[in-house]
Amino acid sequence: MTSGGDAPGMNAAIRAVVRSCAYHELECVGVYRGYAGLIDGDFKSLNARSVKNIINRGGTFLKSARSKEFRTPEGRLKAFKHLKDNDVDALITIGGDGTFNGAIVFNEEFDFPIVGLPGTIDNDINGTDFTIGYDTALNTVVEAIDKIRDTANSHNRLFLIEVMGRDAGDIALNAGIGAGAEEILIPEQDMGRDRLVASLKRSKAAGKSSSIVVVSEGDQIGKNIFGLASYIRENLLDYECKVTVLGHIQRGGAPSCYDRVLASRLGVGAVDALLNGERDVMIGIVHNKVVSVDFKTSLEGKNKIDKDLIRVADITSV
């Protein structure tokens, strides 16, 4: 089952789970539309051939949806009855923190074995170095910024580029370094508007004729990125300031090789975990090793921003 926002590599994870089941001679059932499909009993048997030619596809062929009904005891009871009626013994769910929170509540009520895979472009799940979809999103953002920089250079413009990351600045920080941004604004750091303007003035004095500022959508430096742009226009007359919001383009597209391999490793790891009697855990990757992390531990805190990366960004943007 896939739940919550889609992420490139989800199909690769589904494929790995299904084929791992086939390898171990286990029956695999796909749940369409996440928790909503669980409540409606929207199930379909899957075999090794059911998942051919999907490893390279973005999104999720099982579909995803958010379900208000699953937040109610009545909705969760419907879901449990469908699982029992279809002789389902365990559930592998692919998603982010909302998906895992749902799994925790469901298990507490019905003592049903669940294993999770971290599928979110934000890379904001604790207990894993990387989440499925994060690497692809980074590459999409860097490619977009490279194209925007061509225009910035041609017209001596300052571009504010908003990327996804409501509570985590991983995409902004890493893509900003990779694309050579002059400044990077993330939720984990409060740079302040005046400090940003002062930095941009120094860049101008240093001979830079254009600038790229990458802004995480969760950054609180201004009311929103458009308000920040207005403030810069009022206090920095040397640049023509433009705004680009990349939005959901970051979620789409064919997954990168890294995400395909990561999703495959975690998918196989999920089936292995269930066969070994594990339950209520997330399968992640730490120091390139597949690991099991208790669901509650995975939600206790977000991955911390690497301070060394912040230093790299500061040094390379002079």
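Residues numbered from 1 in each chain as written. Predicted model: local features only at pLDDT ≥ 70, side-chain atom pairs only at ≥ 80, totals over all residues. Heavy atoms only, no water.

Ranked by internal contacts, the top residues of the largest apolar core, which has 56 residues, are Phe 61, Leu 117, Ile 161, Val 163, Ile 171, Ile 212 and Ile 283. Sort the elements by how many residues they give to this core and helix α5 (residues 134–155) lands first, with 8 residues. When residues no more than four places from it in sequence are discounted, the contact partners of Ile 171 are Ile 121, Asp 122, Tyr 134, Ala 137, Leu 138, Val 141, Val 163, Met 164, Gly 176 and Gln 250. (Core = buried A, V, L, I, M, F, W, Y, C linked by side-chain atoms within 4.5 Å. Buried < 20%, exposed > 50% of the residue type's maximum accessible area, 1.4 Å probe, protein only. Helix = DSSP H or I, 4+ residues; strand = E, 2+ residues; numbered from the N terminus. Contact = heavy atoms within 4.5 Å.)

We now examine the sheet that holds strand β9 (residues 281–286). Strand order in the open sheet formed by 4 strands is β3-β4-β9-β10, and the pairing between neighbours is mixed. In this open sheet, the two edge strands, each paired with only one partner strand, are β3 (91–95) and β10 (289–294). In this sheet, adjacent strand axes meet at a mean angle of 30° when their direction is disregarded. Pairing geometry for β9 and β10, over 6 bridges, is antiparallel. What sits directly across from Gly 284, in β10, is Val 291. Lying on the sheet, helix α1 (residues 10–23) is in contact with β3 and β4 (114–118); it crosses β3 at an angle near 165°. Across the face of the sheet, helix α9 (residues 257–275) comes into contact with β3, β4, β9 and β10 while running at roughly 140° to β9. (Pairing = 2+ DSSP bridges. Axes fitted to C-alpha atoms, helices over the stretch in contact; angles between N-to-C directions.)

Attention now moves to the packing of aromatic side chains. Applying the stated criterion to the full structure yields 11 aromatic pairs. Where Tyr 32 meets Phe 61, the ring centres are 6.5 Å apart and the plane angle is 85°; that geometry is what we call edge-to-face. Linking Tyr 32 in the loop between β1 (28–31) and α2 (34–40) with Phe 61 in the loop between β2 (43–46) and α3 (73–85), this pair joins segments that are 29 residues apart in sequence. Phe 61 sits in the buried class, given a relative accessible area of 16%. Ring plane angle 20° and centroid distance 6.3 Å describe the contact between Phe 130 and Tyr 134, whose orientation is recorded as stacked. What makes Phe 130 partly exposed here is its relative accessible area of 34%. Of the aromatic side chains, those joined through ring pairs into one cluster are Tyr 35, Phe 70, Phe 80, Phe 106, Phe 110 and Phe 112. (Phe/Tyr/Trp six-rings, centres within 6.5 Å; stacked < 30°, edge-to-face > 60°.)

Time to look at the environment of Asn 11. Tracing the backbone shows Asn 11 in helix α1. Sequence separation of Asn 11 and Gly 58 is 47 residues, and the distance between their C-alpha atoms is 6.9 Å. Sequence-distant contacts of Asn 11, defined by excluding residues within four places in its chain, comprise Ile 54, Arg 57, Gly 58, Gly 59, Thr 60 and Phe 61.

Turning next to a negative patch on the surface. Side chains of Glu 27, Asp 85, Asp 87 and Asp 89 sit close together on the surface and give a patch of like negative charge. With respect to the helices and strands, Glu 27 occurs in the loop between α1 and β1. Under the relative-accessibility criterion, Glu 27 is labelled exposed at 69%. (Patch = residues over 30% accessible without salt bridge, like charges linked within 9 Å, V, L, I, M, F, W, Y side chains within 5 Å. Areas by Shrake-Rupley, 256 points an atom, 1.4 Å probe, with all protein chains shown as cover. Salt bridge = Lys/Arg side-chain N within 4 Å of Asp/Glu carboxyl O. Lys, Arg positive; Asp, Glu negative; His and termini not counted. Charge placed at Lys NZ, Arg CZ, Asp CG, Glu CD.)

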